[in-house]
Structure formats: structure tokens, C-alpha cells
Amino acid sequence: MKMEKEAMYYRKLDNNYVKCDLCPHDCHIPHDKAGRCRVRKNEGGTLYSLNYGEITSFALDPIEKKPLYHFYPGSRILSIGSFGCNLACSFCQNWQIAHREPEATYVTPEQLVQVAHAHKDHIGIAYTYNEPSIWYEFIYETAPLIHEAGMKNVLVTNGFIKDAPLRKLLPHIDAMNIDLKGFTNDFYKDLCGGALSPVKETIETAFKSCHMEITTLLVSESNDSFEEIEGLAKWIGSISREIPLHLSRYFPAYKMELPPTPMNLMKEAETIAKKYLDYVYLGNIAEVDRNTYCPQCGEEMIDRKLTINIHSLNEKRCKKCGKNMPIVC
Ligand code: SF4
């Protein structure tokens, strides 16, 4: 039976208001209203998580689909999502669950672990599809149980979360794919209803704690100038050249009707990003080289043409030149 779940990270204010401290929106919420994410509601001065245990999407996916290319390549992961989002990207690819009221099935953390056990041949759970950071309480309670059961936890997130809740959750997270949606605050403000700096802070913090890859959807005429792409790649490279960057091609979705990002621009973006990063992959494109090569000697390490084949990798080192490869497997 569904239970009411009191939210973590909020403060009670006068007149039955509450202030939510989970994400940088800092919502002040009156009685009987929800925050911007629509999933945290004030009832009589207590903040509740409305999506606790509510699952709208469930699939056994290749890990490469998250996308994570350097974390157990070739494995599968049980991918689940709920509903709601704390950003409002006009090009949202998952708007049916992020911004609508989809049907959901309620499960407890213990039941989800049982479901994960019942499915064979996967490495654990990916919290994905809608924004997992606003599913905070459910993930915070489920992730340690998944670890106890010998499985992995993966977050596919927009990174728009405050520092304290992020740090409390990170010990239970093995890998993250963080959306860095653009590299100007105007893009975040005007097209996503957010801000750039909290996402950069999340990336810097997460990098020190777990395996991390970054995805940027290049949206035609919006965040795809060569100057912006260069700034973004240079900044990631200043943290580490070894962070994989996935440059994903935009197609019209939700409220955005601009044409798909031109292919020649995607290729040029890849070239620019490779000046600062060792592993740049293009996504949402059928005919593209998705293989991983040793950045030192050029040897092919992982072949992703039809099936995933790991070769030329010996105890995380390139078999040809011995370079240490940042691949978790
Ligand atoms: S998590 Fe939701 S309620 Fe809390 S501050 Fe962010 S948008 Fe507002």
C-alpha cells in the first residue's frame, strides 16, 4: 500500500510555509501546493515526496544507452524512472513522464530489490528517464539495499541538486551520467529554467566520488556555437581529460521545433572537444564510430559496432602501449 513519505531537506516556516532545500530553486511552498518539480507538496506545514516508490518506466537496457561507455561496457542495467522534473527544458525528450501525470506502479525499496534479483544478467539499477534527484528519498533508501545485494547504483541526472543532499547520496552511487545542457547561464535560464553554476559544482563534486560521464545535447542554433562547445570541453578537460563526453544530436521534441542539429556541426563539435578530452562520443546518430581507442597509441580498445567487444585491454591497461585506461569493468 502506498505510504506518505515525508521529504528530506526542507525547513518549516511561519504560516504553514515550508522551504525546500533539495535543489537550487529553493522553493517556498504554501500549504496544499507543490514546488516547481511538482513532486514535493506541502501539507499543513510538512513537505511530502509525492513520487516516493512511484515507478512509471522500467526496462532492461544496455549500459551504453544511459549513456555510460566506460562503466562495465557490454553489461545491462535495470532502468527505472518516476515522474516530475525540477528543470523545464523546452526540448525535453521524456516530457511525458517529466511534465505530465503518467500512470505509476508503487513499490517499496525492498520490493524493488526483489525485482532486481528476479531479473538475471544485469549489474544493478539505473535511476533514469525522469530526473532522479527529485526522487531523492526513494533512491536514498533503495540504493544501500541494492549495494547490500551486490549490485550497482547509477544516476542519470541533470545535476541540479544542492551540495548537502548530493554529498549524502554519493557514497551509495557507483556511476553518474550528468547532463551538462549548455555552457551559458542564459541557455540554462531561458531554455531549461535553471542555472549553470550548480550543475558545474555537482560535476566537480561527483567526479571525486564515483565514475562519471557527461552528456550534452547540442540543440540547433541554441547551444551549438563552436565557442560554447570549446568552452564546455575545455572546462571539463580542466577537471580531467579522461572524463568521457557524449555529444548528442538534437531532434525536435516537446516544445522545440527547430530543425535537427546539422551533421557537419556534430562532426566539427567532436573535433573541437577532442582538443581537450581523450574520449568524445557522438550520440543520436546511426552511422558513427562509437569505439573506444587508446589516446596514447590509437589501439582500438572497445569495439561497439554490432556487439560490445572489449579487447586490447589488460587489467585496465592498453595491451599495446600499457597506458592506464579509465574504464570500470
Ligand atoms: S526539489 Fe522541487 S520543491 Fe524542492 S526546491 Fe527543487 S523544485 Fe522546489
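The coordinates are above.
Owing to the predicted nature of the structure, the values given are computational and were not obtained by experimental measurement.

On to the pattern of salt bridges. Side chains that differ in sign of charge can pair as their charged atoms come close. Taken as a whole and assessed by the stated rule, the structure comprises 22 salt bridges. Between Asp163 and Arg167 there is a salt bridge; the shortest N-O distance is 2.8 Å. Placement of both Asp163 and Arg167 in helix α4 (residues 163–169) is noted, with a separation of four residues, approximately one turn of the helix. Relative accessible area serves as the criterion here: at 41%, Asp163 is assigned to the partly exposed category. Via salt bridges that share partners, Arg11, Lys19, Asp21, Asp26 and Lys162 belong to a single interconnected network.

Enumeration over the complete set of coordinates arrives at ten aromatic pairs. Site record: aromatic cluster; members linked through ring pairs are Tyr52, Tyr127, Trp135 and Phe138.

The local shell around the ligand consists of Cys20, Leu22, Cys23, His25, Asp26, Cys27, Ile29, Gly35, Arg36, Cys37, Arg40 and Ile134. By residue class, the composition of the shell around the ligand is seven nonpolar, two polar and three charged.

Along an α-helix, a turn takes 3.6 residues, which lines up residues three or four apart on a common side. Compared with the 20 Å implied by 1.5 Å per residue over 14 residues, the 20 Å span of helix α7 (residues 226–239) between its first and last C-alpha is a close match. Within the sequence span of α7, burial applies to Glu228, Ile229, Leu232, Ala233, Trp235, Ile236 and Gly237.

Parameters at a glance
- Residues numbered from 1 in each chain as written.
- Predicted model: local features only at pLDDT ≥ 70, side-chain atom pairs only at ≥ 80, totals over all residues.
- Heavy atoms only, no water.
- Salt bridge = Lys/Arg side-chain N within 4 Å of Asp/Glu carboxyl O.
- Helix = DSSP H or I, 4+ residues; strand = E, 2+ residues; numbered from the N terminus.
- Buried < 20%, exposed > 50% of the residue type's maximum accessible area, 1.4 Å probe, protein only.
- Phe/Tyr/Trp six-rings, centres within 6.5 Å; stacked < 30°, edge-to-face > 60°.
- Near = heavy atom within 4 Å.
- Nonpolar A, V, L, I, M, F, W, Y, C, P; charged D, E, K, R; others polar.
- Expected span 1.5 Å × (residues − 1).

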